[in-house]
Amino acid sequence: MAQMKNILLTIIILFSAVISAQNKIYRAEEEKINDLIHTKLKVDFNFEKSQLNGEAWITLKPHFYPTDKVVLDAKSFDIHQIKVNSVNVDFNYTDDELTIELDKIYKKGEEYSVYIKYTAKPEEVKQKGSEVIKDAKGLYFIDPKDEDPNKPTQIWTQGETESNSCWFPTIDTPNQKTTQEIYMTVPNKYVTLSNGLLKKQTENGNGTRTDYWKMDQKHAPYLLFMGVGEYSIVKDSWNGVDVNYYVEKEYESVAMDIFGNTPEMMTFFSDITGIEYPWDKYSQIVVRDYVSGAMENTTAVVHGENAQQNKGQLIDNNELEGTIAHELFHHWFGDLVTTESWSNLTVNESFATYSVYLWFLHKYGKDKADAHMYNDVQNYLQSQSESKDLVRFYYDDKEHMFDPVSYHKGNAILHMLKDYLGDEAFFQGLNKYLTDHLYGTAEAHDLRLALEDVSGRDLNWFFNQWYYGSGHIKMNVTYDYNTINNTVTVNINQQGKTFKFPLSIDIYEENEKTRYNVWVDNVQNSFTFSFTKQLKLINIDAKHVLLAEITEKKNLENYIFQYKNAPHYLDRKIAIEEIAKHQQDSKDAFNTILKALNDPYYELRMLALEKIDLFQKYNKKAAISKIENLAQYDKKTLVKAAAINVLGKLIDPIYKPLFERGMQSESNALVGSSLTAIYLIDKDAALKKLSTLENDIKENLADAITTIYISEKDKTNLPFIARHVLKGMFLTQNKRTQQLYTEGFKWISESDNELAIINLTDEFVKFGFKYKRYNFDKLGVNMLRQMVDIQQQSSNQNKNELILILKTGMAKLLE
Ligand SMILES: [Zn+2]
């Protein structure tokens, strides 16, 4: 599963304390009494009631000990009939568990078949003990009665963690594996998607069609999938394997821009794992109202609707690319070899997360990969999860395993492991791990054993520290110079837990760099190095591979040298941030920021643009001409847009033609920043332009336009503002944006504009649903309650209607 994009850092910080309660139940791998072998399903759908009519033929065998019964998970079913080997049998159905008496005692290796005729009622599912996803109902009907003109009718499923037993009877644990066949009967106008190959389609003559999907390779029950809806299927391929993209019709023309790198990723992941993509097709489908970011259902990956980006967004940046890599890599780590328990989720999710780094490195180079890793590490550091082990045997709810520790921290840990072992040993170790457990399950120790076997090194210390332990390295670094002996002593002082780790130190004498590799394994460690020429910089963790918080003292001169000489993305990023603070009083500082405007990595060019101070005494002219140049000729539209933002703030009419040209661009970012810039020079011209824009173009430029509307206190556009205000309040880390949007929010709260109140309430419900993991539902209820109070005290004539709307939203969030 991929997490939601743009994780709400604000919300994590506010609410993670609520989530971190610890439970004392030891969460072991589920005992295997019976093993699934095969699952055959025949289903059709009751759109009126949002129910599924099903027949299931489940083939099983005792795992080891003889048994005369089988217990299946089946949540909120009506059971109509059960047979074992074609004979009716007794059963007991309570508490979402179906206990079936077999016709005799079965021994190890003896297969039997259970037939179940049932109705699945997903709307009645109540998952035991799950606070986080109260509605983990497995099977979702979207606008099933076609009542919403803005929503297509769709059906889709979400199995992870244990929700597929809401639509078919199974043993719903990750340590079971089954092959499958599904017959899905649907109205003719819909297409279907499931795992494996579409073997046959039969017209039934009554307006319906039955699609027969079959997969001969076994996989875990949570990976079974069904999707139904009206889609364009855009066809691609890889080495003779069908690769398909299911998108809504209007996105057919951009499907290749969104998903088109998939085949190249399949080649890359096949190469690095040494195991050719093992499944018989690869489809990706975009669904409405999805409950997570994306899901790696075997050969039938689901993406949420934010996957469907328009051309203007895609020109700026394909936000989905990392998620596409993540779900694809699960087809090795997760689908082919599956975690034996949710406690060991790292063997699925940390690898899927790390695949994005590996793909970016391969496709776009080290800077982009390193920038991505840095963001992942920040995500972990800000999540207040220092007390959580990566492999966690104690948790309240299995859903809590899908957190920044399993994803982002695990990713950083794999990165350290690869650095410690070297690429060759690391990837050969992964190959051994996968090969040893092909179509089976594994735990973190299996990974250790495979890597130990290949490398010949003991890794207990590493796994005990990073997999079965918590926290990360925190060190303070000081230097003692001995000018008589020409030596420097680097003192490493660890705070909190003492970690053991290899440390790379680069020492720069003049422009000459020497790399030293040392081991740190104590609270205090000192290392002495000699030098002959002038010392310019000591770069600690020069490879930037450690999951560490490092405090050290460097002066401006060090940072300027660092920007110019140290190669890593982080060396340059940190240097730009520090140097930017001194632009008012240091010409060297200003000139270094000026130089950073031409940094080879585009995000650092954007950072320099954000930081450059044009209101100081130095070479302003040269700076401006460089920025003009970026605004016109940079190869990344995001950099052009950032440059226009800077020029816009100069409020100089000379740039109006440049901004007007920017308005003609295909890039959303460029049009947005140009519009904002025109607004700053000539409000009327900008507002006039704005009023002529088509609605769908306005949606593309929502950030820029909402900002203008709020700044203008433009009441006629309150409903538009209402639809975009939460994003500016919670999805950005820019303080000024947060303040402005909070003003917009207050303004809507006090207004009597019914449509604006409806839109804002809908947004709270949407956000609450989407970001439940971060307790946004609770935040939403509180904020809606505040809005009710404000209305109650207001003199708005229609306040009773408005309060009713707000309370209905609260009730939805509390469901
Ligand atoms: Zn995942």
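Everything quoted here is computed from the prediction, not taken from an experiment.

Reading the values: the criteria
- Residues numbered from 1 in each chain as written.
- Predicted model: local features only at pLDDT ≥ 70, side-chain atom pairs only at ≥ 80, totals over all residues.
- Heavy atoms only, no water.
- Pairing = 2+ DSSP bridges.
- Helix = DSSP H or I, 4+ residues; strand = E, 2+ residues; numbered from the N terminus.
- Axes fitted to C-alpha atoms, helices over the stretch in contact; angles between N-to-C directions.
- Contact = heavy atoms within 4.5 Å.
- Buried < 20%, exposed > 50% of the residue type's maximum accessible area, 1.4 Å probe, protein only.
- Polar contact = N/O pair within 3.5 Å; in protein donor to acceptor, adjacent residues only side chain to side chain.
- Donors = N, O, S within 2.8 Å, 3.2 Å for Na, K, Ca; no water.
- pLDDT = per-residue confidence, 0-100.
- Core = buried A, V, L, I, M, F, W, Y, C linked by side-chain atoms within 4.5 Å.
- Parallel < 35°, antiparallel > 145°, perpendicular 65-115°, else oblique.
- Left-handed = near helix turned anticlockwise from the far one by under 90°.
- Nonpolar A, V, L, I, M, F, W, Y, C, P; charged D, E, K, R; others polar.
- 1 Å grid on protein atoms, 1.4 Å probe; cavity = no way out; pocket = protein on both sides within 12 Å on 5 of 7 lines; lining within 4 Å.
- Points joined across faces, edges and corners; volume = space filled by probe spheres on them.
- Phe/Tyr/Trp six-rings, centres within 6.5 Å; stacked < 30°, edge-to-face > 60°.
- Lys NZ or Arg CZ within 6 Å of the ring centre and 35° of its normal.
- Salt bridge = Lys/Arg side-chain N within 4 Å of Asp/Glu carboxyl O.

1. Quick look at the sheet that holds strand β28 (residues 535–540)
Reading across from one edge, β26-β25-β28 is the order of the 3 strands in this open sheet, with antiparallel pairing throughout. Either end of the sheet is taken by a strand with one partner, and the two such strands are β26 (512–520) and β28. Neighbouring strand axes in the sheet, compared pairwise and without regard to direction, differ in orientation by 20° on average. In this sheet, β28 lies alongside strand β25 (residues 501–509) in antiparallel orientation, the contact comprising 5 bridges. Looking at the pairing, Ile505 lines up with Ile540 of β28. Relative to β28, helix α12 (residues 556–565) is tilted by about 75°, and along the sheet it contacts β25 and β28.

2. Topic: α12
Buried within α12 are the following residues: Asn558, Tyr559, Ile560, Phe561, Gln562 and Tyr563. Contacts made by the buried residues of α12 are with β25, β28, α13 (569–580) and α14 (587–596). Structurally, the start of α12 carries an N-cap: the backbone nitrogen of Glu557 is 3.2 Å from a side-chain oxygen of Asn555.

3. What about the coordination of the zinc ion?
Coordination of the zinc ion by the protein is provided by Met1 (N), Met1 (O), His326 (NE2), His330 (NE2) and Glu349 (OE), with metal-donor distances spanning 2.0 to 2.6 Å. In primary-sequence terms, the residues that donate to the zinc ion follow M-x324-H-x3-H-x18-E. In this pair, His330 sits in the loop between α5 (321–329) and β21 (337–339) while Glu349 sits in helix α6 (residues 346–364), placing the two residues 19 residues apart along the sequence. By relative accessible area, which is 0% here, His330 ends up buried. For Glu349, a relative accessible area of 0% translates into the label buried.

4. Here we look at the confidence of the model for the protein chain
Of all residues in the protein chain, 96% attain a pLDDT of 70 or more, and the chain-wide mean is 94. Between residues 6–21, whose pLDDT stays under 50, and residues either more than four places distant or in other chains, the model counts 35 contacts. Contacts of residues 129–134 to residues separated by more than four positions or lying in other chains number 17 contacts, the stretch itself having pLDDT below 50.

5. Re the side chain of Ser165
Relative to the helices and strands, Ser165 is located in the loop between β10 (154–157) and β11 (178–187). One polar contact links the side chain of Ser165 to the main-chain carbonyl oxygen of Glu162, over a distance of 3.5 Å. The contacts of Ser165, once residues within four sequence positions are left out, are Asp73, Ala74, Lys75, Phe77, Thr170 and Asp172.

6. As for the nonpolar core
With 96 residues, the main nonpolar core has Phe269, Trp332, Leu417, Phe462, Tyr467 and Leu503 as its most contacted residues. Those residues within four positions of Leu417 in sequence are excluded, and the remaining contacts are Phe426, Leu451, Leu459, Phe462, Phe463 and Tyr467. In this structure, Ala575, Ile627, Ile678 and Tyr741 belong to the second largest nonpolar core, which totals 92 residues.

7. Regarding the packing of helix α3 (residues 262–273) against α5
Think of two packed helices as two axes; the pair is described by the angle between the axes and how far apart they sit. Here α3 crosses α5 at 45°, and the two axes come no closer than 10 Å. Classified by the angle between their axes, α3 and α5 sit oblique to one another. In the packing of α3 onto α5, the handedness of the crossing is right-handed. Only Glu321, Ile324, Ala325, Leu328 and Phe329 of α5 make contact with α3, whose side of the interface consists of Thr262, Met265, Met266, Phe269, Ile272 and Thr273. Grouping the constituent residues of the contact of α3 with α5 by class yields 8 nonpolar, 2 polar and 1 charged.

8. Considerations on the sheet that holds strand β15 (residues 226–229)
In spatial order, the strands read β9-β10-β15-β12; together these 4 strands make up an open sheet with antiparallel pairing. Two strands bound the open sheet, and with one partner strand each, they are β9 (139–142) and β12 (191–194). Strand after strand, the sheet turns through a mean of 15° between neighbouring axes, direction not considered. Two strands pair when backbone bridges link them, and β9 and β10 are joined in this way by 4 bridges, in the antiparallel orientation. Bridging from a neighbouring strand, Tyr140 pairs with Trp156 of β10.

9. Details of the environment of Leu52
Secondary-structure assignment places Leu52 in strand β2 (residues 51–62). On the basis of relative accessibility, which here comes to 0%, the residue Leu52 falls in the buried class. In this structure, the C-alpha to C-alpha distance between Leu52 and Asp423, residues 371 residues apart in sequence, is 49 Å. Not counting the four nearest positions on each side in its chain, Leu52 is found in contact with Val43, Asp44, Phe45, Tyr118, Thr119, Ala120, Leu139, Trp167 and Met226.

10. Let's talk about the layout of surface pockets
In this structure, the second largest pocket occupies an estimated 1,000 Å³ of space. Lining of the second largest pocket is provided by 40 residues; of these, Glu30, Asp73, Glu97, Glu162 and Thr173 occupy positions nearest its centre. Counting residues per element, the lining of the second largest pocket draws most heavily on strand β3 (residues 67–73), at 6 residues. For the lining of the second largest pocket, a count of residues per class yields 11 nonpolar, 10 polar and 19 charged.

11. Let's talk about unusual backbone geometry
Of note, the amide linkage connecting Glu160 to Thr161 takes the cis form, showing an omega dihedral of 10°. Tracing the backbone through its elements, the reader meets Thr161 in the loop between β10 and β11. Even without a glycine there, the phi angle at Tyr439 is positive, about 55°. Take Tyr439: it is sitting in the loop between α9 (423–436) and β22 (440–442). By relative accessible area, Tyr439 is classed as partly exposed at 23%. Even without being glycine, Ile651 reaches a positive phi, approximately 45°. For Ile651, the position within the fold is in the loop between α17 (637–649) and α18 (656–663).

12. A short note on the packing of aromatic side chains
Think of a pair of aromatic rings as described by two things: how far the centres are apart, and how the planes are tilted against each other in angle. Throughout the structure, instances matching the rule amount to 56 aromatic pairs. Between Trp279 and Tyr439, the aromatic rings sit 5.7 Å apart at their centres with planes inclined by 85°, giving edge-to-face as the arrangement. Placement of Trp279 in the loop between α3 and β18 (281–286) and of Tyr439 in the loop between α9 and β22 is noted, with a sequence separation of 160 residues between them. Seen from their ring centres, Phe426 and Phe427 are 5.3 Å apart, and the 75° between their planes marks the pair as edge-to-face. With respect to burial, Phe426 and Phe427 carry one shared label: buried. Through successive ring pairs, a cluster of aromatic residues spans Trp238, Phe268, Phe269, Tyr277, Tyr282, Phe329, Trp332, Phe333, Phe351, Trp359 and Tyr433. Against the face of Trp57 rests Lys40, its NZ or CZ located 4.8 Å from the ring centre.

13. Concerning the pattern of salt bridges
For the structure on display, the rule yields 35 salt bridges. Lys151 is the partner of Asp289 in a salt bridge, and the nearest nitrogen-oxygen pair spans 2.9 Å. Separated by 138 residues along the polypeptide, Asp289 in the loop between β18 and β19 (294–295) and Lys151 in the loop between β9 and β10 bring together distant segments of the chain. Residue Asp289 is classed as partly exposed on the basis of its relative accessible area, which comes to 28%. For the salt bridge of Glu264 with Lys363, the shortest nitrogen-to-oxygen distance reads 3.0 Å. With Glu264 in helix α3 and Lys363 in helix α6, this residue pair connects regions lying 99 residues apart in the sequence. According to the relative accessible area criterion, Lys363 is partly exposed, its value standing at 31%.

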